[in-house]
Amino acid sequence: MRSYMKTTAMALALTVAAGVAKADGHGVEVLHWWTSGGEAAALNVLKEDLEGQGVSWTDMPVAGGGGEQAMTVLRARVTAGNAPTAVQGLGFDIIDWANQGALANLNDVAAAEGWDDVVPAALQQFAKVNGVWVSAPVNVHSTNWVWANKSVLDANGIAVPETWEDFTAALETLAAAGVTPIAHGGQPWQEATVFDAVAMSTLGPDGYQAAFVDLDPEVLGSDAMREAFDRMAVIRANVDENFSGRDWNLATAMVINGEAGFQMMGDWAKGEFLNAGQTPGEDFLCFRFPGTQDQVTFNADQFMMFDQGGSVSSEQAALASAILSPSFQSAFNVVKGSVPARTDVSDADFDACGRQGIADLAAAAESGNLFGSMAHGHANEAAVKNAMYDVITAHFNGEYDSETAVEELVLAVEIAQ
Ligand code: BGC
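Computed from a prediction, not measured in an experiment: that's the story for all the values here. (Residues numbered from 1 in each chain as written. Predicted model: local features only at pLDDT ≥ 70, side-chain atom pairs only at ≥ 80, totals over all residues. Heavy atoms only, no water.)

### Observations regarding the sheet that holds strand β7 (residues 141–142)
Link 1 in the chain: Ordered in space as β7-β12-β14, the three strands form an open sheet in which the pairing is mixed. One side of each edge strand has no neighbouring strand; the edge strands of this open sheet are β7 and β14 (370–372).
Link 2 in the chain: Pairing of strand β12 (residues 296–299) with β14, which is carried by three bridges, proceeds in the parallel orientation. The partner of T297 across the bridge, within β14, is F371. (Pairing = 2+ DSSP bridges. Helix = DSSP H or I, 4+ residues; strand = E, 2+ residues; numbered from the N terminus.)

Spelled out as structure tokens, the structure:
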């Protein structure tokens, strides 16, 4: 009863403040794929924030890194006419749902809270479709990071690698010392995540844009792309024999435990190190994949608000508003490993990796070196992304050589469009 009254009072306040519909009284049902230890810790920050405002939370977790399984569940729910209130979404998937008319209009909340002025343009292109805010950006992640166990590197005299050659030398040293050089989980989205960074390093920023965003067949089939596949083969030669099917957070655990030297993964991996009580600079290191120090391949988690048959509910508005509040943006992203989705949030509470992430993002946006991640749905629509996944994974698993991989890539992308 008490929480119902709180909900009603809050709903009324929001109705007045932002001109949204009345409370539907059902709280929010939130579909997401944040199921690892670090992810769950971050999600709790949001749950507690909302529950503190009297909005009840129904959790709908769908395990599976990168969100593919969550998107399958979402499609089934929408087809059954039973869309969840709020759904974690990425890039082109958000645009797709908006174009299907499935998402509620958040313009009143966005206007009342000035989102236009504080959310970076790179994120607005996925949050605001045809002038309508359809989702609330939670964070900015980026994929071109490497995570390392500091004592393993120190014990083997390895400094942070600056170039691909430094990196391969480090891999050889670790292999000779009997340490698994690279912790990897053999799932297509993880291979594509690694490929984001590897391809950026061989193609350079213009080539990345041409290949993954503009889908230029010449660049997709270029020598530089073949070189990217050759580098993937080197990475494949440096993973342990049990990599197949392993979840990303279990690969992170191998670096945390000192079983492996490096993991190439987005900065959600940092959430696992923190959740294990580790500190950057002391226990683990974060650095940009060699050759991509000036670039950022980003993906932003957002919560799409599904239209529940009318205007946005006050609970949806409350969730959107909570997500965009500067204090939440700091508290959540400090735990998650990502950086704020607003440009005006202080980095004071962030650790060294977080501060680097914030600075890198601003610098990359300024210098034209910020690119939507191919692997995480920010470079192209799902059909193209999945076509790329298939080729990258088939090559990684030795189904064909690099020469054939570039030919397959050109073909697969052409068919997917
Ligand atoms: C999401 C992250 C998530 C990661 C692993 C990415 O697509 O943006 O929030 O932690 O997948 O599941």
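Now, onward.
### Focus on unusual backbone geometry
Link 1 in the chain: Positioned with a positive phi, N130 is a non-glycine residue whose angle comes to about 50 degrees.
Link 2 in the chain: Here N130 is to be found in the loop between β4 (128–129) and β5 (132–133).
Link 3 in the chain: Backbone geometry at L215 places phi at a positive 55 degrees, although glycine is not the residue there.
Link 4 in the chain: Of the residues examined, L215 reaches a relative accessible area of 10% and is grouped as buried. (Buried < 20%, exposed > 50% of the residue type's maximum accessible area, 1.4 Å probe, protein only.)

### Considerations on the packing of helix α9 (residues 164–176) against helix α12 (residues 223–236)
Link 1 in the chain: Two numbers describe how α9 lies on α12: the axes approach to 11 Å, and their chain directions differ by 20 degrees. Relative to α12, the element α9 lies roughly parallel. As for how α9 packs across α12, the hand of that crossing is left-handed. Counting all contacts with α9, which are made through W164, T168 and L171, the residues of α12 involved are R231, V234 and I235. (Axes fitted to C-alpha atoms, helices over the stretch in contact; angles between N-to-C directions. Parallel < 35°, antiparallel > 145°, perpendicular 65-115°, else oblique. Left-handed = near helix turned anticlockwise from the far one by under 90°. Contact = heavy atoms within 4.5 Å.)

### A word on the site of the ligand
Link 1 in the chain: Taken together, 14 residues sit near the ligand, with E39, N299, D301, K336 and H376 positioned nearest.
Link 2 in the chain: A distance of 2.5 Å is found between an oxygen atom of the ligand and a side-chain nitrogen or oxygen belonging to E39.
Link 3 in the chain: Within the contact set of the ligand, an oxygen atom lies 3.2 Å away from a backbone nitrogen or oxygen of G66.
Link 4 in the chain: If the ligand stood free it would expose 310 Å²; the protein chains cover 100% of that surface.
Link 5 in the chain: Among the detected pockets, the ligand sits in the largest cavity.
Link 6 in the chain: Counted by class, the shell around the ligand contains five nonpolar, six polar and three charged residues.
Link 7 in the chain: Two domains each donate at least three residues to the shell around the ligand, and these are domain 1 (2–140 + 299–357) and domain 2 (142–297 + 367–416). (Near = heavy atom within 4 Å. Polar contact = N/O pair within 3.5 Å; in protein donor to acceptor, adjacent residues only side chain to side chain. Areas by Shrake-Rupley, 256 points an atom, 1.4 Å probe, with all protein chains shown as cover. 1 Å grid on protein atoms, 1.4 Å probe; cavity = no way out; pocket = protein on both sides within 12 Å on 5 of 7 lines; lining within 4 Å. Sits in = over half its atoms within 2 Å of the grid points. Nonpolar A, V, L, I, M, F, W, Y, C, P; charged D, E, K, R; others polar. Domains from an automatic or database assignment.)

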